[in-house]
Structure formats: structure tokens, C-alpha cells
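# Tertiary structure, described
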Amino acid sequence: MKTLNITAIVLLALSTVSCSDEEYNHRALLSEIVTATKNTPQGAEFEFIRYDDSPAVTLTAPGMAVKEELIGKRVLLRYYSHPGSGTMAEEIEIAALSPINCDTARVAAIDTIAWNATPVYLNSIWRSGTYINLHLRVIYTETARLFNLTVDSATINDAVPQLYMCHDTFDAPDNYMFETYGSYDISKIWNRPTCSGIDIHINDSNLNKDIYSFKKQ
């Protein structure tokens, strides 16, 4: 069983561990943010929800395993699906696997945080079950930064809690932009009986929009 050797860093640029795909180049290459759930005798197993509240799908990669430190973590998976796979369970061939920034949404008084100090360049944001996923570009730095999703504690019991994509490089010098992904567990907010949806505030230098709303279906 081949082990995919991946090392995570504090803020992850998009980088991949690839497998040979020469014999699969006639098939569509799929890309999803998934949870690496476990290694089984049959192979590495992943689970994901494509969007919103669609049914969970189990993906199995025969003969493959992921590093134990990634079990339970969110990863970016690029893969080919086997012909005849079902919609709820699929056997796949992995083309590339990347660790991404993953965390649980924090809780804080937002007026105590410089959440919008450094803009991000947002490509896309979407919900998959109780995860908020983002594809974005940020300034490269060699120093630590603030980079998380935070719910304002004053709104956590509201019908629509207010969440903020926090990004602060703490005045690090300007540098090049790099591509990255983030996936944030919002279950402790989303599953509250008082919650009917969430608003996410983003200081974005790309799209002409600064609030994204997600409603319960």
C-alpha cells in the first residue's frame, strides 16, 4: 500500500503530491475539498458533500494510504472516478492530494480584532454541509499571520450569526501572491437551534462583494 507523504505548514500554499496520470488522461479530472476519514485494507477513504446539503459521498482509493496526521483533516483531492461507480460511493484513482488550511470557526468579540487589516483575493466561497470552503490568494510572508474564520460573540445566538474572514499580516512587507484553500468547521454555529443562516464578511480585493449569506434549506 503506497503512502502519500504530505507535510502541512502554518499557512499552506497550493502544492500537491501527484501520482502518475498518463493512463487516465482520457478521463475527466475532478477536484474536491474532502475529509480524509481513514485508511482501510481496501485503501484510503475520503468523504465529502459536493455543495450545500447534498448527500455525503464516500471515495475509496484502492492500494493507497494517507499519513496518519491527516486523518480527520480537510484536504484538496484531485482524482479520476472509475466507470460504473455509484453516486454515494465511488472508487477513485488519485491524481494529486494537497493539505489545506483547516480549522474550526473561532468565537470572539469582533471589535477586538483587526479582522480586515489585510485584504484577500477571493476566487470562490461555498458551503459543503457544516464546512465553509474558500479558494483564494494571499500575500506571501515568512512570518506568522492572523488567518481564520471568526463568529462575533455578540451575534452567536442570533438567527443569522455574523462571521468574519480574518486576515492580518501584521504589516509584513509586500510580496507576491500565492494560491491557497481554507475549510472551516461551522457545525457549532450552524447546528444551533436559533440559527437560520450565517453571513460571512470578507475584505476582498477581487470580487465586488463583501458579505456572503448562507441560509438553511
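This structure is a prediction, so every number in the text was calculated from the model and none was measured. (Residues numbered from 1 in each chain as written. Predicted model: local features only at pLDDT ≥ 70, side-chain atom pairs only at ≥ 80, totals over all residues. Heavy atoms only, no water.)

## Section: the sheet that holds strand E10 (residues 106-108)
Which entries qualify depends on this criterion: Two strands make a pair as long as DSSP finds a minimum of two bridges between them. For helices the rule is a DSSP run of H or I covering at least 4 residues; for strands it is a run of E covering at least 2, with both sets numbered from the N terminus onward. Note on geometry: axes are C-alpha line fits, over the in-contact stretch for helices, and angles between N-to-C directions span 0 to 180 degrees.
Ordered by their spatial adjacency, five strands build an open sheet running E10-E13-E14-E16-E17, and the pairing between neighbours is mixed. Every other strand in the sheet has two partners, leaving E10 and strand E17 (211-215) as the edge strands with one partner each. Strand after strand, the sheet turns through a mean of 30 degrees between neighbouring axes, direction not considered. With three bridges connecting them, E10 and strand E13 (residues 146-152) associate as parallel partners. Note that in E13 the partner of Val107 across the bridge is Val151.

## Describing the packing of aromatic side chains
Rule in force here: A pair of aromatic rings is counted whenever rings of Phe, Tyr or Trp (Trp by its six-membered ring) have centres within 6.5 Å, and the orientation is called stacked for planes under 30 degrees apart, edge-to-face for over 60 and tilted otherwise. Three exposure classes are used, based on accessible area relative to the maximum for each residue type with a 1.4 Å probe and protein chains only: buried under 20%, partly exposed in between, and exposed over 50%. Only when the NZ atom of a Lys or the CZ atom of an Arg is both within 6 Å of the ring centre and within 35 degrees of the ring normal do we say a charge sits over the ring.
Applying the stated criterion to the full structure yields three aromatic pairs. With centroids separated by 4.9 Å and ring planes inclined at 65 degrees, the aromatic side chains of Trp115 and Tyr164 adopt a geometry described as edge-to-face. Separated by 49 residues along the polypeptide, Trp115 in the loop between E10 and strand E11 (121-128) and Tyr164 in strand E14 (residues 162-168) bring together distant segments of the chain. Residues Trp115 and Tyr164 agree in their burial class; the two are buried. Judged by centre distance (6.2 Å) and plane angle (70 degrees), the ring pair of Tyr140 and Phe178 falls under edge-to-face. In this pair, Tyr140 is assigned in the loop between strand E12 (131-139) and E13 and Phe178 in strand E15 (residues 177-185), connecting sequence segments 38 residues apart. The class of Tyr140 is partly exposed, set by a relative accessible area of 27%. Here the aromatic cluster, defined as three or more aromatic residues joined through ring pairs, consists of Tyr140, Tyr176 and Phe178. The ring of Tyr121 carries Arg137 above its face, with NZ or CZ at 5.0 Å from the centroid. Between Lys216 and the ring centre of Trp190, over which it is positioned, the NZ or CZ distance is 5.8 Å.

## Looking at the nonpolar core
For clarity, the cut-off: Within this scheme, the nonpolar core is defined by two criteria: the residues are buried Ala, Val, Leu, Ile, Met, Phe, Trp, Tyr or Cys, and they are joined through side-chain atoms within 4.5 Å. Working rule for contacts: check all heavy atoms of both residues, and any pair within 4.5 Å makes them a contact.
Judged by nonpolar contacts, the single largest core of 25 residues is most densely connected at Ile125, Ile132, Leu134, Ile198, Ile200 and Ile202. Breaking this core down by element, the ones donating at least two residues are E11, E12, E13, E14, E15, helix H1 (187-190), strand E16 (197-201) and E17. If one sorts the elements of this core by residue count, E12 sits on top with four residues. Apart from the residues lying within four places of it in its own chain, the contact partners of Ile125 are Ile132, Asn133, Leu134, Ile200, Ile202, Tyr212 and Phe214. Phe48, Val57, Ala61 and Val75 belong to the second largest nonpolar core, which has 17 residues in total.

## A look at the confidence of the model for the protein
Filter applied, for reference: The pLDDT value tells you how sure the predictor is about a given residue, anywhere from 0 up to 100.
Put simply, the protein has an average pLDDT of 88, and 86% of its residues get 70 or more. Confidence drops under pLDDT 50 across residues 2-10; counting only partners more than four residues distant or on other chains, this segment forms 26 contacts. Here residues 12-16 is modelled with pLDDT under 50, and outside its nearest four sequence neighbours on either side it reaches 20 contacts, counting other chains as well.

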